[in-house]
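Examining the three-dimensional arrangement
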Amino acid sequence: MIKRVPISALKVGMYITDLNNDWIPHNTQRKRGVIKKEETIEKIRRMGVEFVYIDASKGLDTQDSETAAEVDRRNESALQKAGELTPGLRPYVPLAEEMVIAQQIHSQAQGLVGEFMNHAKVGGAIDVAPIHQLADELQHSVLRNANALSCLGRIREKDNYLLEHSVNLSVLMSLFGNYRGLSSDVLHQTIVGALLHDLGKILTPDEILHKPGRLTAEEFEVMKLHARHSRDILATTEGIGELTVITAAQHHERLDGTGYPEGLKGDEISEYGRMVAISDVYDAITADRVYHKGMTPTQGLKKLLEWSGTHLDPSLVKQFIRCLGLYPVGSLVLLESGRLGVVVEANESDQRLPTVRIMYHTKFRMPITLETLDLAKPGTQDRILRAVDPETYKIDVRKFLA
């Protein structure tokens, strides 16, 4: 049986199934196996991990634990409560219409961020004007219909993670900032900060940045320096505002002081640093990477809730969930009829009733005619039972989002 245990109850002889520390996006340490020495436990504790998951059938058990199913039920309950907050943005442009513009912006964004990083790497003159213009275009697209860029954010290739992550993070920060009512200038600066938050990786050695296997402890320390490098480069770049620097510099800081580069705690982390930390973790844990199989959007939201209070700001996590909805765009959901659908548009009035693209019937175990269904449309009887893992049905949700 899989159980969650506090670090204080961890003992030599227990079998760890999950270190429960994916809130450290670049941590590629081994996460499974029997604990053979006390030093391992101390190492886990130093990483800021408070709870791990063990398999009691493969190692020692403890009474000081709760089952993974119990944890999931509690997270699901918290997720439903978070979804009861007030509505977010309402689109005023049809999805199909905005998708054409969003595809151009998304492609342009990756190119511009890549070009900016290349110029910075060779020490060339950096023109930030195109980045500022891009930030405005991203913001306008989100205001017209946020679902378009959200769809494109789920269509990603693991080999292009660095650029896609930067663009996706800027979209998430735009959604988040709009929901929280940030002023236009503040929002603009945080979007630019999200676009350029990983700029410091130009100073990370390629053999570490692109290493397909696990990083050693020494390599991980080098990787962590990228946040400080991003801060230093942006702070000396003409045309970059203070909040942009702060957003980029604090995206790996954590409330309990276990983050980096400065190990800031609580209110030492700015409001924007706490926002970007949540957005960054969510996008990282829901993305497929060379060493990491991404969680589903719903699993990602539950993890944010699980890590709230210690690593992430609990109030902001709840607001972030309201931005994305109970079933974020890209989620695969099971309907009462037995059909499966991919969420393509959120419903800002009722999160339980998004628009889904139907493509498979679980009762007959076969694909069905593609259909787009607005669950909020009068007369529609079908309802969502729950979000499901695409791997269970061997469905590639990316095919149904564009």
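Residue positions are counted from 1 within each chain, in the order its sequence is given. Reporting of local features is limited, given that this is a predicted model, to residues whose pLDDT is at least 70; pairs of side-chain atoms are given and counted only at 80 or more, and all residues count toward the totals for whole chains, interfaces and linings. Note: side-chain values were computed over all heavy atoms of the structure, leaving out hydrogens and water.

**Some details on the sheet that holds strand E8 (residues 355–361)**
- Read across the sheet, five strands follow the order E9-E8-E7-E6-E10 without closing on themselves; strand pairing throughout is antiparallel. Looking at the sheet topology across the chains shown, the edges are occupied by strand E9 (366–374) and strand E10 (384–388). Across the sheet, the axes of successive neighbouring strands diverge by a mean angle of 30 degrees, strand direction being ignored.
- Strands were regarded as paired on the criterion that DSSP finds at least two bridges between them. Think of it this way: any DSSP run of H or I at least four residues long counts as a helix, any run of E at least two long counts as a strand, and we number them from the N terminus. Summarising the sheet, strand E6 (residues 332–335) and E10 pair through four bridges and their orientation is antiparallel. Within E10, the residue paired with Val 333 across the bridge is Ala 387. Only C-alpha atoms enter the line fits that serve as axes; for helices the fit covers just the stretch in contact. Angles between N-to-C directions range over 0 to 180 degrees.

**A short note on helix H3 (residues 95–121)**
- A helix is expected to span 1.5 Å for every residue after the first. In this model H3 runs 38 Å from its N-terminal to its C-terminal C-alpha over 27 residues, within 8% of the 39 Å that 1.5 Å per residue would give.
- At Ile 101, H3 is bent by approximately 25 degrees, the largest bend along its length. Two axes enter the bend calculation: one fitted to the seven residues ending at the residue in question, the other to the seven starting there, and the bend is the angle between them.

**Looking at empty space enclosed by the protein**
- Whether a set of points on the 1 Å grid over the protein atoms alone is a cavity depends on a 1.4 Å probe fitting there but being unable to get out, while an open set qualifies as a pocket with protein on both sides within 12 Å along at least five of seven lines; lining residues are those with an atom within 4 Å of a point. Grid points are joined across faces, edges and corners, and a volume is the space filled by probe spheres set on the points. Applying the stated criterion across every chain, the model contains three cavities of 30 Å³ or more.
- Considered as a void within the structure, the largest cavity measures approximately 390 Å³ in volume.
- In terms of lining residues, the largest cavity is bounded by 29 residues, among which Ala 146, Ser 150, Leu 172, Leu 175 and Leu 324 are the most central.
- Mapped onto the lining of the largest cavity, the elements with two or more residues apiece are helix H4 (129–154), helix H5 (161–179), helix H11 (271–285) and helix H13 (314–324).
- In terms of residue count, the dominant contributor to the lining of the largest cavity is H4 (10 residues).
- Classes in brief: Ala, Val, Leu, Ile, Met, Phe, Trp, Tyr, Cys and Pro nonpolar; Asp, Glu, Lys and Arg charged; the others, Gly included, polar. A breakdown of the residues in the lining of the largest cavity according to their chemical character gives 16 nonpolar, six polar and seven charged.

**Focus: the domain arrangement of the chain**
- Boundary definitions for the domains trace back to an automatic or database domain assignment. In terms of domain boundaries, the chain breaks down into domain 1 (2–66), domain 2 (95–324) and domain 3 (331–400).
- Between the C-alpha centres of domain 1 and domain 3 the distance comes to 36 Å.

**Notes on the side chain of Glu 66**
- Considering the arrangement of structural elements, one finds Glu 66 in strand E5 (residues 66–67).
- Note on contacts: a residue pair is in contact if any heavy atoms of the two residues lie within 4.5 Å. Apart from residues no more than four positions distant in its own chain, Glu 66 is found in contact with Lys 3, Arg 4, Val 71 and Arg 74.

**Some points on the packing of H11 against helix H12 (residues 297–306)**
- One way to put it is that H11 packs onto H12 with a least axis distance of 9 Å and a crossing angle of 140 degrees. As far as their axial angle goes, H12 and H11 are oblique. Crossing of H11 against H12: the hand is right-handed. Note on element contacts: H12 touches H11 through Pro 297, Gly 300, Leu 301, Lys 303 and Leu 304, opposite Ile 278, Val 281, Tyr 282 and Ile 285.
- Considered class by class, the residues forming the contact of H11 with H12 number seven nonpolar, one polar and one charged. In what follows, roughly perpendicular refers to angles from 65 to 115 degrees, roughly parallel to angles under 35, roughly antiparallel to angles over 145, and oblique to any angle outside these ranges. Left-handed describes a crossing whose near helix is turned anticlockwise from the far helix through less than a right angle; right-handed describes the clockwise counterpart.

**Things to note about the environment of Val 356**
- Note on placement: Val 356 falls in strand E8.
- Taking the C-alpha atoms as reference points, Val 356 and Leu 373, separated by 17 residues in sequence, lie 5.3 Å from one another.

**Focus on the packing of aromatic side chains**
- Classification of ring pairs uses Phe, Tyr and Trp, with its six-membered ring standing for Trp, and accepts pairs whose centres are within 6.5 Å; under 30 degrees between planes counts as stacked, over 60 as edge-to-face, and the remaining range as tilted. For the coordinates displayed, the defined rule picks out three aromatic pairs.
- Both rings, one in Phe 176 and one in Phe 320, keep their centres 5.3 Å apart while their planes meet at 65 degrees; by these two values the pair is edge-to-face. Pair noted here: Phe 176 is in helix H5 and Phe 320 is in helix H13, with a separation of 144 residues, a long-range link.
- Relative accessible area decides the class of each residue, using a 1.4 Å probe on protein chains only: under 20% of the type maximum gives buried, over 50% gives exposed, and in between gives partly exposed. Relative accessible area serves as the criterion here: at 0%, Phe 176 is assigned to the buried category.
- The buried category is assigned to Phe 320, whose relative accessible area is 1%.
- Judged by centre distance (6.0 Å) and plane angle (55 degrees), the ring pair of Tyr 360 and Tyr 393 falls under tilted. Of this pair, Tyr 360 sits in strand E8 while Tyr 393 sits in helix H14 (residues 390–393), and the two are 33 residues apart along the sequence.
- One aromatic cluster is present, formed by Phe 176, Tyr 282 and Phe 320 through successive ring pairs.
- Across the ring face of Phe 51, the terminal group of Arg 4 is positioned such that the distance to the ring centre comes to 3.7 Å. Criterion for a charge above a ring: Arg CZ or Lys NZ at most 6 Å from the ring centre, at most 35 degrees from the ring normal.

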